[in-house]
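# Working through the structure, step by step
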Amino acid sequence: FIPTIICFLWYSALGGNAMQDTLLGVSNVAIEAAANKEMSLFLYLQELPIPMITIPVSMILIVTLIVTSINSATYCISDFCLGHNGGESPFIIRLFWGTFIALFSILFLLIGGLQTLQNTAMVFAFPLIVIIGLGIFCTVKDIGIIYKQEEAMGLYDKKEKVPVAEEAKVEA
């Protein structure tokens, strides 16, 4: 929860300031960022009053994001591969997957830069859209089935379609 709030504040403050500066004509950061997307954050941070503090802090945050993301991915992948329902996977399995992810990320960056890495991530993430869509469909279907079962058991008032309180059932 705390990282989400920090990210929200970070993006709101920096993104809002960058847009405002561009709209008011104070800064050319949007034009410079369009030419060099990988450096856009640092180009903007150089225009702020204390770049010698904000740039290292942002580097630390970016490295923390990458390390925690790879750590989470290795835990999930190793648990999935070993079929664990809890507990911790062996270190050697997590090390393998962490190394695998890091090497492939470096490989794609060397082959074609950030755009190739982003395109590859989108291609591999596309099947997930179908899986998530099926999950949503099944959840809605199951909710409908549960509702019909509870309605047949008399748990809902026929007129208002709201749950009947237990006290009202006992008094009647």
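Here the structure is a predicted model, which means the values were calculated and not measured.

The rules behind these values
- Residues numbered from 1 in each chain as written.
- Predicted model: local features only at pLDDT ≥ 70, side-chain atom pairs only at ≥ 80, totals over all residues.
- Heavy atoms only, no water.
- Buried < 20%, exposed > 50% of the residue type's maximum accessible area, 1.4 Å probe, protein only.
- Helix = DSSP H or I, 4+ residues; strand = E, 2+ residues; numbered from the N terminus.
- Arc of directions from axis to C-beta.
- Contact = heavy atoms within 4.5 Å.
- Expected span 1.5 Å × (residues − 1).
- Polar contact = N/O pair within 3.5 Å; in protein donor to acceptor, adjacent residues only side chain to side chain.
- Core = buried A, V, L, I, M, F, W, Y, C linked by side-chain atoms within 4.5 Å.

## Re helix α3 (residues 40–47)
Within α3, the full set of buried residues consists of Phe42, Tyr44 and Leu45. The arc that holds the buried residues of α3, viewed along the axis, is 160°, so those residues lie on one side. Among the structural elements, α1 (2–23), α2 (29–35) and α4 (51–82) are those in contact with the buried residues of α3.

## A look at α4
Because each turn of an α-helix spans 3.6 residues, side chains separated by three or four positions in sequence point in the same direction. Taking 1.5 Å of rise per residue, the 32 residues of α4 would be expected to cover 46 Å, and the 46 Å separating its terminal C-alpha atoms lies within 8% of that figure. Those residues of α4 that sit buried are Thr54, Ser58, Thr74, Ser78 and Asp79. Looking at the packing, one finds that the buried side of α4 touches α1, α3 and α5 (91–152). With its phi angle positive at about 70°, Gly83 sits one or two positions after the end of α4.

## Brief notes about the side chain of Ser78
Mapped onto the fold, Ser78 is located in helix α4. Residue Ser78 is classed as buried on the basis of its relative accessible area of 0%. A distance of 3.2 Å separates the side chain of Ser78 from the side chain of Ser89, its partner in a polar contact. In this view, Ser78 contacts Ser89, Ile93, Arg94 and Trp97; residues no more than four positions away in its chain are not counted.

## A look at the nonpolar core
In terms of nonpolar packing, the biggest core is built from 7 residues, these being Leu14, Ala18, Val29, Phe42, Tyr44, Leu45 and Leu48. Every element with two or more residues in this core is listed here: α1 and α3. It is α3 that provides the largest number of residues to this core, a total of 3 residues. Those residues in contact with Tyr44 that sit more than four places away from it in its chain are Leu14, Asn17, Ala18, Asp21 and Val29.

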